[in-house]
Amino acid sequence: MTTLTSPLPADAPAARSSVRRPTGTGRRTWRGAGERPSAVATAVLLLGALYCLLPVVWVVVASTKSGAELFSSFTFAPSTHLADNVADLSAYRGGLFWRWMLNTALYAGVGAMLSTLVSAMAGYGLAKYTFAGKNAVFNVLLAGVLVPAIVLAIPQYLLLAELDLTNTYWSVLLPSIISPYGIYLARIYAAAAVPDEVVEAARTDGASETRTFFQVAVPMLVPGLVTVFLFQFVAIWNNFMLPYIMLGDDRLFPITVGLSGLLNQGASQPAMYTLVITGALLSIVPLVALFFALQRFWQVDLAAGAVKS
Amino acid sequence: MTTTTAAPPARATGPSTSGRRRLAPWGFLAPAIVLFVLFLALPIAYAVYLSFRTEKVSGLGLGSGSRTEVWAGLSNYAAALGDPEFLASVGRVALYGLIVVPTMLGLALLFALLLDSRRARTRTFSRTAIFLPYAVPAVISSLLWGFLYLPGVSPFYDLFERFGWDVPSLFDGDLVMFAVANIAVWGGTGFNMIVIYTALKAVPSELYEAAELDGASQVAVALRIKIPIVTPSIIMTAVFSMIATLQVFAEPTTLRPLSNAISTTWTPLMKVYRDAFTRGDLYSAAATSVIIAAATFVLSFGFLRLVQGRAFGQEK
């Protein structure tokens, strides 16, 4: 969880603050000797690609094998048992796996949605108003970026236990809504994308502050807010420790905690391994699909965010 | 929850427009502030409080009245810092970080420079493939690699046996460190590559076209011009990778069923989890987590101070 999630939200401002708007219209119109294709460069990149694809290709192949073939046939030799494996997995304890998938979609989808709304409001409030204590509020919120999840885990559990909320959907959803990094991003976007004159014009027309925000500012902020949503969505989807600590009832588990538990059982019942592998494949399909669908968007947006600052 | 749906700007209608305008930002900030206090500030304060408390057992420790919570001063901290299990886990994580962070960032920088140099073919394919692990949660990637390390499943064992070499078991002894490190490198390289690549794309090309016309090689351009310019990005990715490294938890926890070499206290975070939830000793778990948090702050600020003179000096 940690190595994946933590670096990602925090890295982007580095990219943002350190880049400048490219000059001219087309960059690198110049073509020179330096642009000859190099076999070494291509080979190194392809090796990197191969390394990154290896486990993914493996899980696709392995999920077509029966339990016995998993340990006997050649690692990358496909077989014909995919449908059986999916059927077995779906039948496991009355479709528990699909419940985990739905839970994950709920935690990540609803959590990221609410997080984006809260971040957008806070970022807009910080970017478009002047008020006493503004810098203090911003600095305190921003310091939250550096707070390691570890200091929070135990006391969050104890506090939610006081409210009888542990082992409920709330216990995972509520702590996922606050995102200091999301607020930071939203402030940058609001400052850059919503001109003061537009806000002023809306006020002159008699719109309330709330209306100005939802009907004037939010539409202008949409591209930035999608980025905030994506970061938070991936962060919640990846988060292992929070649900691992908060939840005891396996019907509330997200997919990560569920599969980790299945693997644990596999230590004594190797038959479980096939279920775990098929489950791993099915669980990354939606994420990889989302990733491909939005890939252009990720790239464009990282660059666009950079240019804006 | 009421805290999240409340949108006080609507309610904050003061007697005049300017009064309303004064309250509006607080209305917009209210949900964030309430959630921040509830799920960040309060838990931190509570963790610090718990770290100075302990449970006193009187008599035989039976019955509800025999256990009382008392002030413990610094004894939890002293116990944590003197605990060989904790010190061993810190040592392990330090070594793990020394393997993961330079390898991951080195690869990310190399791939970003190759993508940017335009000399490699198949750049779109490679960029997509290398970024792909970002879409795989750490638990799932640990699971996939775990099977690839498993004798009988792993392709590497077939290979090694064909050559008649001894098969090193990645789940034993010291090698398990590399097994876990590999998972982190696999998962993190792509994202860091994209961050550095984005920074590279924004470097004005005039900066090095002149150098190239003067006959400087691509390697020289990369070393002398491109890397210094993207150094601030690299530093930030390094800081955040270090913070993530100190908190490694999901990967070793997932691999535990497959390996005897990963104990329940293999990383500091795993020890905190065990103390708090297996042993029920919340007080020493709180002290340990406060120590880890403090170390994280000191390390990341220390590193920033150490390098920022070099990295940001040129901006002035």
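Residue numbering note: each chain is counted from 1, following its sequence as written. To label them, take the chains in the order written and letter them from A, then take the ligands in the order written and number them from 1. In keeping with the model being predicted, local features are shown solely for residues with a pLDDT of at least 70 and side-chain atom pairs are shown and tallied solely at 80 or more, while totals for entire chains, interfaces and linings include all residues.

## So, the overall build of chain B
When you go through chain B residue by residue, the secondary structure sums to 13 helices and two strands. Here, residue contact means that the backbone-derived C-beta atoms of the two residues sit within 7 Å. Of the contacts formed within chain B by residues at least 6 apart in sequence, a portion of 67% connects residues at least 24 apart. Numbering of helices and strands runs from the N terminus; a helix is a DSSP stretch of H or I covering at least four residues, while a strand is a stretch of E covering at least two.

## Describing the nonpolar core
To define a nonpolar core, we join buried Ala, Val, Leu, Ile, Met, Phe, Trp, Tyr and Cys residues through C-beta atoms within 7 Å and take the resulting set. Counting other C-beta atoms within 10 Å of its own, a residue is labelled buried from 20 upward, exposed at 12 or fewer, and partly exposed in the gap between, with every C-beta atom placed from the backbone. Ranked by internal contacts, the top residues of the largest apolar core, which has 177 residues, are A280(A), A32(B), A112(B) and I196(B). Here this core takes 16 residues from helix 8 (residues 175-201) of chain B, the largest share from any one element. Split by domain, the residues of this core number at least three in each of domain 1 (2-75) and domain 2 (83-315) of chain B. For I196(B), the contacting residues outside a window of four places in its chain are A108(B), L109(B), A112(B), V230(B), S233(B) and I234(B). An automatic or database domain assignment provides the domain bounds reported here.

## A look at the interface of chain A and chain B
Listed as interface residues are 101 residues of chain A and, on the opposing side, 105 residues of chain B. Three categories are distinguished: nonpolar for Ala, Val, Leu, Ile, Met, Phe, Trp, Tyr, Cys and Pro, charged for Asp, Glu, Lys and Arg, and polar for the others, with Gly belonging to the last. The residue inventory of the side of chain A that touches chain B, partitioned by class, reads 71 nonpolar, 23 polar and seven charged.

## Notes on the domain arrangement of chain B
Residue and element names in this part refer to chain B. Examined at the domain level, chain B breaks down into domain 1 (2-75) and domain 2 (83-315). Secondary-structure elements contributing two or more residues to the side of domain 1 that touches domain 2 are helix 2 (17-51) and strand 1 (53-57). Here the side of domain 1 that touches domain 2 gets four residues from one element, more than from any other, and that element is helix 2. Taken together, the residues that form the side of domain 1 that touches domain 2 break down as four nonpolar, two polar and two charged.

## Examining helix 14 (residues 255-266) of chain A
Expected span of a helix: the number of residues minus one, times 1.5 Å. Over its twelve residues, helix 14 of chain A runs 16 Å from end to end, which matches the ideal 16 Å to within 8%, given 1.5 Å per residue. Lining the buried residues of helix 14 of chain A we find helix 6 (96-128), helix 13 (241-246) and helix 15 (271-293) of chain A together with helix 6 (138-149) and helix 11 (250-255) of chain B.

## Observations concerning the pairing of strand 2 (residues 67-71) of chain B
Residues and elements named next belong to chain B. Burial runs low along strand 2: only zero of the five residues are buried. Only strands that DSSP links by at least two bridges are regarded as paired with each other. When strand 1 meets strand 2, the two strands line up antiparallel, connected through five bridges. Bridge pairing links T54 to V70 in strand 2.

## Re the packing of helix 6 of chain A against helix 12 (residues 209-238) of chain A
Residue and element names in this part refer to chain A. Taken N-terminus to C-terminus, the directions of helix 6 and helix 12 make an angle of 135 degrees; their axes are 8 Å apart at the nearest point. In terms of their interaxial angle, helix 6 and helix 12 are classed as oblique. In this structure, the crossing between helix 6 and helix 12 has a hand that is right-handed. Where helix 6 approaches helix 12, its residues T104, Y107, A108, G111, A112, S115, T116, S119, A120 and Y124 are matched on the opposing element by F213, A217, V218, L221, L225, V228, F229, Q232, F233, I236 and W237. Classifying every residue of the contact of helix 6 with helix 12 gives 15 nonpolar, six polar and no charged. Lines are fitted to the C-alpha atoms to define the axes, a helix being fitted only along its stretch in contact, and any angle between axes, read from their N-to-C directions, falls within 0 to 180 degrees. These descriptions rest on fixed angle ranges, namely under 35 degrees for roughly parallel, over 145 for roughly antiparallel, 65 to 115 for roughly perpendicular, and the rest for oblique. Here a crossing is called left-handed whenever its near helix is offset anticlockwise from the far helix by less than a right angle, and right-handed whenever the offset is clockwise.

## Looking at the environment of R92(B)
Residues and elements named next belong to chain B. Inspection of the secondary structure puts R92 in helix 4 (residues 84-117). The exposure class of R92 is buried, given the 22 C-beta atoms found within 10 Å. It is 16 Å that separates the C-alpha atoms of R92 and S241, two residues lying 149 residues apart in sequence.

## Looking at the environment of T103(B)
All names here are of chain B. Structurally, T103 can be placed in helix 4. Among the residues examined, T103 registers 16 C-beta atoms within 10 Å and is labelled partly exposed. C-alpha of T103 to C-alpha of T189: the two residues are 86 residues apart in sequence and 8.7 Å apart in space.

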